[in-house]
Amino acid sequence: MIRRILTRLGTSVLVLWGAVTVSFTALHLTPGNVVDVLIGSSIVTPEVRAQIIADYGLDEPLFVQYATYLGRVLRGDLGQSYQLHEPVASAIGAQLGPSLQLAGASLLVAVVVSTTLAILTARRRPWIRGLSSNLELIGVSIPTFWTAILLLTIFSFQLGWFPAVGADGFATLVLPVIAVALPITTMLTQMMREGLELTLEQPFVLTARTRGMSDLGVRLRHALRHVLVPTVTLIGWLVGLTVGAMVAVEQIFSRQGIGQLTLTAVGGKDLPVVMGVVLLTAVLYVVVNIIVDVLYLLIDPRLRGAT
């Protein structure tokens, strides 16, 4: 297990290095003077422009600039947002909490609901399975932003059950979580139900039933475990979908978060912030993949002998 984790960490270093290199390349390939690209639509004094040139080593050869940029990133210095008038790391850090709260709650709700639905509907009467499949198809077909608008219109504007904006308290989290979790839940439910139905046809399930184990016990203790590995794989992939959905949801519900910050940065051509978000996304990808690898080994001990 340790060897596999170390291997993954080594690969992750390469992924992060690639993300830093892509960010640096994008900075220098963007049309216009690099200083103008960094300050976006902000107006700065000649002294500030000189300081930017010195900080980024823009008067040095390109290789030296790359080494300077790489060293800054390794120190956690993602540059300065000249529109927000604060370091990029501070701007992202201030918005990271609400986004992690929304993403974590959405994934938790999706996993719990999809697992429950899959267990209850696998190999049941055709009309139950058909109803569930049709609802899942509808859920995965509706764009996240449209779901968010419907929820906001019905439960905030018409019924007044939940706040329309903000990120303070449990009530402000309910509708955004539903909007983000809905497509994830539908995809997970479909995959888990199909896996459970295949597993419930295996001989060991019949053996468990002949020993007097209840149907629910068979599903929970035996069948469910066999679909956990592909489920974890899909959840790891769906993290990217969650991040994308959060951008729209945070904008619609006027929530603080990385999505709101990214849209503001893109609209204001605040490239240092955009580059910082790109690097944060790369770190998130690396962390999720390491967690998925560890979960593989915990779920299926047979994989430990293959490492």
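Everything below is about the structure printed above this text.
Residues numbered from 1 in each chain as written. Predicted model: local features only at pLDDT ≥ 70, side-chain atom pairs only at ≥ 80, totals over all residues. Heavy atoms only, no water.

**Student:** Before we go on, may I ask you to explain the nonpolar core in this structure?
**Tutor:** When a protein is soluble and globular, its nonpolar side chains tend to lie buried together. Formed by 27 residues in total, the largest nonpolar core has its most connected members in Leu102, Val180, Ile184, Leu188, Leu238, Val249 and Phe253. Of all elements in the fold, only helix H5 (88-121), helix H7 (144-158), helix H8 (171-199), helix H11 (228-252) and helix H13 (271-299) reach the threshold of two or more residues within this core. Broken down by element, this core gets its largest block of residues, nine residues, from H8. Setting aside anything within four residues of it in sequence, one finds Val180 in contact with Leu102, Ser106, Thr242, Ala245, Met246 and Val249. With 17 residues, the next largest nonpolar core counts Leu27, Val35, Tyr56 and Met275 among its residues. (Core = buried A, V, L, I, M, F, W, Y, C linked by side-chain atoms within 4.5 Å. Buried < 20%, exposed > 50% of the residue type's maximum accessible area, 1.4 Å probe, protein only. Helix = DSSP H or I, 4+ residues; strand = E, 2+ residues; numbered from the N terminus. Contact = heavy atoms within 4.5 Å.)

**Student:** How should the pattern of salt bridges be read in this particular structure?
**Tutor:** If the charged atoms of two oppositely charged side chains come close together, the side chains can form a pair. This model, assessed by the stated rule, comprises one salt bridge. Residues Asp77 and Arg72 are paired through a salt bridge, measuring 3.6 Å at the closest nitrogen-oxygen approach. (Salt bridge = Lys/Arg side-chain N within 4 Å of Asp/Glu carboxyl O.)

**Student:** Help me understand the packing of H11 against helix H12 (residues 258-267) in this model?
**Tutor:** Each pair of packed helices gets described by two things: the angle between the helix axes and the distance between those axes. H12 packs onto H11 with a crossing angle of 85° between their chain directions and a minimal axis gap of 7 Å. Our classification of the angle between H11 and H12 gives roughly perpendicular. Between H11, through Val247, Glu250 and Gln251, and H12, the contact on the second element is made entirely by Ile258, Gly259, Gln260 and Leu263. Partitioned by chemical class, the residues of the contact of H11 with H12 number three nonpolar, three polar and one charged. (Axes fitted to C-alpha atoms, helices over the stretch in contact; angles between N-to-C directions. Parallel < 35°, antiparallel > 145°, perpendicular 65-115°, else oblique. Nonpolar A, V, L, I, M, F, W, Y, C, P; charged D, E, K, R; others polar.)

**Student:** Would you take a moment to explain the side chain of Gln95 for this structure?
**Tutor:** By secondary structure assignment, the location of Gln95 is in helix H5. What makes Gln95 buried here is its relative accessible area of 18%. When residues no more than four places from it in sequence are discounted, the contact partners of Gln95 are Gln256, Gly257, Ile258 and Leu261.

**Student:** I tried to follow the packing of aromatic side chains on my own but got confused; where do I start?
**Tutor:** Two measures describe an aromatic ring pair: the distance that separates the ring centres and the angle between the ring planes. Going through the model one piece at a time under the given rule, you end up with one aromatic pair. Ring geometry for Phe155 and Trp161: centres 5.7 Å apart, planes at 40°, overall tilted. Residue Trp161 is classed as exposed on the basis of its relative accessible area, which comes to 56%. (Phe/Tyr/Trp six-rings, centres within 6.5 Å; stacked < 30°, edge-to-face > 60°.)

**Student:** Please clarify how the environment of Thr185 should be interpreted in this entry.
**Tutor:** In this structure, Thr185 sits in helix H8. When the C-alpha atoms of Thr185 and Val112 are compared, they prove to be 8.7 Å apart, with 73 residues separating the residues in sequence. Excluding its chain neighbours within four sequence positions, the residues that come into contact with Thr185 are Ala110, Val113 and Ser114. Within polar-contact distance, the side chain of Thr185 engages the backbone oxygen of Ala181 at 2.8 Å. (Polar contact = N/O pair within 3.5 Å; in protein donor to acceptor, adjacent residues only side chain to side chain.)

**Student:** In this structure, what is going on with H7? I would like to understand it.
**Tutor:** The α-helix advances 3.6 residues per turn, and as a result positions three or four apart in sequence lie on the same side. The terminal C-alpha atoms of H7, which comprises 15 residues, lie 20 Å apart, in line with the 21 Å expected from a rise of 1.5 Å per residue. Roughly 25° is the biggest bend found in H7, and it falls at Leu152. Along H7, the residues classified as buried are Thr144, Thr147, Ala148, Leu151, Leu152 and Ser156. Residues of H7 that are buried sit in contact with H8 and H11. The first or second residue beyond H7 is Gly160, which carries a positive phi of 70°. (Expected span 1.5 Å × (residues − 1). Bend = angle between axes of the 7 residues up to and from the residue.)

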